[in-house]
Amino acid sequence: YVGLTNLGNSCYMNSVLQCLFAVPELSTTYLDGAASLFKSAPDDVASDLLAQLAKVAKGLLTARYSTAAADGDDEPAVVVQPRMFKRLVGKGHAEFASARQQDAQEYFQHLLSVLQRAERGGGGRLADGAPRAAGLFDFKMEERVEADGMVAYSTTPAQSLLSLNIPKEMAANAAEVAAYEEREAKRQKVDGAPPEEEAVLPNIPFAACLGQFGAQETLESFRGRAGATKTVRFKTFPKYLLVHLRRYYVGDDWTAKKMKCEVPMPETLDLTALRSAGLQPGEVELPDAPAEPAA
């Protein structure tokens, strides 16, 4: 296993790169095709994203940049430092061009957008039939709205990750968390209080996050009809589904806060219940809202 050096608040980039190059199709495209990408790169290779990705693939998926093992270690040390890649992807971006800590989800979406443009503009540099990033993560959702016994279906634009809220109120250990918070509140009020104990964090089942996403939502109005309900289902599935948990929220003081909690991830995930079935026999389609009268 090969790691990436922290270039200064770059763990968000390192995490995304490790995730991407765990996908066999991308490792095939950029590792197996590395020689061709290097040969066809422009003179200014620092500005060529395809060549820079091939360099990262070489670094992560081979032992090329590993050094000799240190005394007492069985494995070699790793010195992969993708500085040129970081500068290129962040070029012109207000946040990713900086040395500040950033969000991995936002970086993934930015990198995927930049990568898709580079792949489209690469001409014949990528081998025929080589997988492209665009087709691996994209999927569409279907929104179903029901009102007055009729239904309306619509398809969302393609997206590259599933973003889920974390229902903290559905923690499996809610009683233990409440007891810990009560003890902590008392400890802070007493002089010479006992030392702090390890925090008890809310443990939210991933099924609760997924269940909230698939739950029915009540709309105030839809096409002029009150009391409508909406559900969201997968219209298409991607080859690889990336899931984003929304840990950040706006507090009562209107500042961004990060939720401290644990969400154990399952080894397998069954999304059958979230697959769209489309318009069913007997369903009546909801007509469009009447046009506004002319002024």
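So, here is what we can say about the structure in this document.

About the cut-offs
Residues numbered from 1 in each chain as written. Predicted model: local features only at pLDDT ≥ 70, side-chain atom pairs only at ≥ 80, totals over all residues. Heavy atoms only, no water. 1 Å grid on protein atoms, 1.4 Å probe; cavity = no way out; pocket = protein on both sides within 12 Å on 5 of 7 lines; lining within 4 Å. Points joined across faces, edges and corners; volume = space filled by probe spheres on them. Helix = DSSP H or I, 4+ residues; strand = E, 2+ residues; numbered from the N terminus. Buried < 20%, exposed > 50% of the residue type's maximum accessible area, 1.4 Å probe, protein only. Pairing = 2+ DSSP bridges. Phe/Tyr/Trp six-rings, centres within 6.5 Å; stacked < 30°, edge-to-face > 60°. Core = buried A, V, L, I, M, F, W, Y, C linked by side-chain atoms within 4.5 Å. Contact = heavy atoms within 4.5 Å. Axes fitted to C-alpha atoms, helices over the stretch in contact; angles between N-to-C directions. Left-handed = near helix turned anticlockwise from the far one by under 90°. Nonpolar A, V, L, I, M, F, W, Y, C, P; charged D, E, K, R; others polar. Expected span 1.5 Å × (residues − 1). Arc of directions from axis to C-beta.

### Section: the layout of surface pockets
- By volume, the largest pocket amounts to about 670 Å³.
- Forming the boundary of the largest pocket are 20 residues, of which D103, A104, Q105, H244 and L245 lie nearest the centre.
- Only α1 (11-20), α6 (104-120) and β6 (243-245) provide two or more residues apiece to the lining of the largest pocket.
- Lining the second largest pocket are 16 residues, and of these E143, S163, F213, V232 and R246 lie nearest its centre.
- Among the elements of the structure, β1 (141-147), β3 (162-164), α9 (206-214) and β5 (225-234) are those that each provide at least two residues to the lining of the second largest pocket.

### Digging into the pairing of β5
- A large share of β5 lies buried, amounting to 7 of its 10 residues.
- Of the strand pairs in this sheet, β1 and β5 are connected by 6 bridges, and their pairing is antiparallel. Within β5, the position partnered with R144 by the bridge is T231.
- In this structure, strand β4 (residues 217-222) lies alongside β5, joined through 5 bridges in antiparallel fashion. Residue L219 lies in a different strand from β5, and its bridge partner there is A228.
- In sequence, β4 turns back onto β5 through a hairpin of 2 residues, with R223 there showing a positive phi of about 50 degrees.

### What about the packing of aromatic side chains?
- In this structure the tally under the stated criterion is 7 aromatic pairs.
- With a centroid separation of 5.1 Å and 80 degrees between ring planes, the pair formed by F96 and Y107 is classed as edge-to-face. Taken together, the residues F96 in the loop between α5 (83-90) and α6 and Y107 in helix α6 connect sequence positions 11 residues apart.
- Under the relative-accessibility criterion, F96 is labelled buried at 3%.
- According to the relative accessible area criterion, Y107 is buried, its value standing at 2%.

### Here we look at the nonpolar core
- If you look at the biggest cluster of nonpolar residues, it comprises 39 residues, and the most contacted ones within it are Y30, L49, F85, Y107 and F137.
- Counting only elements with at least two residues in this core, the list comes to α1, α2 (24-32), α3 (34-39), α4 (49-61), α5, α6 and α7 (134-137).
- Other than its neighbours up to four places away in sequence, L49 contacts F85, L88, V89, V114, L115 and A118.
- Of all hydrophobic cores here, the second largest spans 19 residues; its members include F139, F206, L210 and L271.

### With respect to the packing of α4 against α5
- At a minimum axis separation of 10 Å, α4 and α5 run at an interaxial angle of 145 degrees. Here α4 and α5 pass one another in a crossing that is left-handed. From α4, L49, Q52, L53, K55 and V56 reach across to α5, where they touch M84, F85, L88 and V89.
- Within the contact of α4 with α5, the residues separate by chemical class into 7 nonpolar, 1 polar and 1 charged.

### What about helix α8 (residues 174-189)?
- Spanning 16 residues, α8 covers 23 Å between terminal C-alpha atoms, matching the ideal 22 Å at 1.5 Å per step.
- Within α8 the residues assigned to the buried category are V177, Y180, E184 and R187. Projected down its long axis, α8 shows its buried positions confined to an angular sector of 90 degrees, all on one face. Exposed positions of α8 whose direction lies more than 90 degrees from the buried face are A175, K186 and K189.

Functional significance is not addressed by these values, which are geometric in nature.
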